[in-house]
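# Observations on chain architecture
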Amino acid sequence: QRYSSMIRPKVYVTRIVDDEAMDILKKHCDVTAWSGTDPVPPAELEKNIAQVDGLFCVLTDKINKKLLGMAKNLKVISTMSVGYDHLDINEIKKRGIRVGYTPDILTDSTAELTIGLLLATSRRLIEANTAAKVGHWQTWSPFWMCGIGLKNATVGFFGFGRIGQEIARRLKTFKIKEILYTSRSAKKEAEEIGASKVNFNDLLKHSDFLIVACSFNEDTKEIFNMNAFRNMKKNAVLINSSRGGVVKQDDLVKALEEKVIWGAGLDVTTPEPLPPNHVLFKLDNCVILPHIGSATTDCRKEMSALTANNIVAVLNNQQMPSELHL
Ligand code: NDP
Ligand code: DGY
């Protein structure tokens, strides 16, 4: 039902977001927001969710059965992310709560970052920069800091949706040999991009660069484990900008230490943040970024505005600009 101008719906925002998003919400709703830079503590979220009609959340907020049980008035959950593995979709669906998310608008930023991460890993940018800073750059040397080039490479994608395809389009300009992909369904865009669908084993076997761009779910959980690494090329570079849980991280540590694969670039890890003393940070053949795939200011502004607009649409009985159809 449409809210009368007398009764304003209530919304809780779990992070400090930009003024534009807050203004969109405040025009229509009474807004309460967590003001810390850290994630909202579960007890605080539980207290607030009981009161509100709409929730503006981010990927660190675990929206689980217990929390939903307290959300007696909740009509819409809008997450400032395209990934929604932090939401208990079955429970949300049972309760008839609508879900908003932010696909497409972050695709280009995330594709750009993934290419940056790939080059940083394969051309050893962080390792080389650190070496130069600490005085290990003594002279130009024929084989010092050599990495792996993209030219003539076979690039494989595990997951070939919006982001995977945009990465592939950009990588074509690097004179690569071929693009392979594995996903549940064949992609109509594959022909235009020049990508061939292969099964998981062939993807592992043939890829010089293997880019993980899938969503996180029961089937993709830890699919990159020692078994998978052993089926990859010894010179393969693994890049993950999906979710940390897709990789069995202890197996990756072993695979990098024992040179089962050549290197890995990770924008996502388990847990997040990865503790600074974690062994992965000690490995020269691993580049780790703190989950910054979509982190350009313009992109994050668009994401937060869309997240707010999704909430307002539901509370005003209008079509959501970006609904996740459950
Ligand atoms: P899409 O839904 O467009 O693409 C997801 C892809 O994953 C699809 O090709 C899908 O295949 C594939 N997939 C899912 N399950 C499986 C499976 N079991 N086996 C094989 N393939 C599978 O999403 P986006 O491209 O927009 O985003 C992808 C993910 O990237 C997000 O879910 C999020 O986790 C992550 N992300 C990370 C960011 C970062 O900051 N690092 C930023 C943005 C997103 P099919 O279509 O056939 O089902
Ligand atoms: C997402 O949107 O799922 C990312 O992980 C953060 O932008």
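See the structure shown above.
Before going into details, it helps to say that this report is about the structure given with it. Since we're looking at a predicted model, the values are computed, not measured.

### Quick word on helix α11 (residues 249-257)
In an α-helix there are 3.6 residues to a turn, and that puts residues three or four apart on one side. Those residues of α11 lying buried are Gln-249, Asp-251, Leu-252, Val-253, Ala-255 and Leu-256. Here the buried face of α11 lies against α10 (226-230), β10 (237-240), β11 (263-266) and β12 (286-288). Downstream of α11 by one or two residues, Lys-259 has phi in the positive range, about 55°.

### With respect to the pattern of salt bridges
What the rule picks out here adds up to 15 salt bridges. The salt bridge involving Asp-53 is made with Lys-75; its shortest N-O contact spans 2.7 Å. In this pair, Asp-53 sits in the loop between α2 (42-49) and β3 (54-57) while Lys-75 sits in the loop between α3 (65-70) and β4 (76-79), placing the two residues 22 residues apart along the sequence. Sharing partners across several salt bridges, the network here consists of Asp-108, Glu-166, Arg-169, Arg-170 and Glu-192.

### A short note on the nonpolar core
Membership of the largest hydrophobic core comes to 69 residues, with the highest contact counts inside it found for Leu-55, Ile-63, Ile-77, Phe-157 and Leu-171. For this core, the leading source of residues is helix α12 (residues 297-315), giving 9 residues. Residues within four places of Phe-157 in sequence aside, it is in contact with Gly-164, Ile-167, Ala-168, Leu-171, Ile-179, Leu-180, Tyr-181, Thr-182, Leu-203 and Ile-211. One finds Leu-203, Ala-228, Val-260 and Leu-283 within the second-largest nonpolar core, a separate group that totals 31 residues.

Each value, and the rule that gives it
Residues numbered from 1 in each chain as written. Chains lettered and ligands numbered in written order. Predicted model: local features only at pLDDT ≥ 70, side-chain atom pairs only at ≥ 80, totals over all residues. Heavy atoms only, no water. Buried < 20%, exposed > 50% of the residue type's maximum accessible area, 1.4 Å probe, protein only. Helix = DSSP H or I, 4+ residues; strand = E, 2+ residues; numbered from the N terminus. Contact = heavy atoms within 4.5 Å. Salt bridge = Lys/Arg side-chain N within 4 Å of Asp/Glu carboxyl O. Core = buried A, V, L, I, M, F, W, Y, C linked by side-chain atoms within 4.5 Å.

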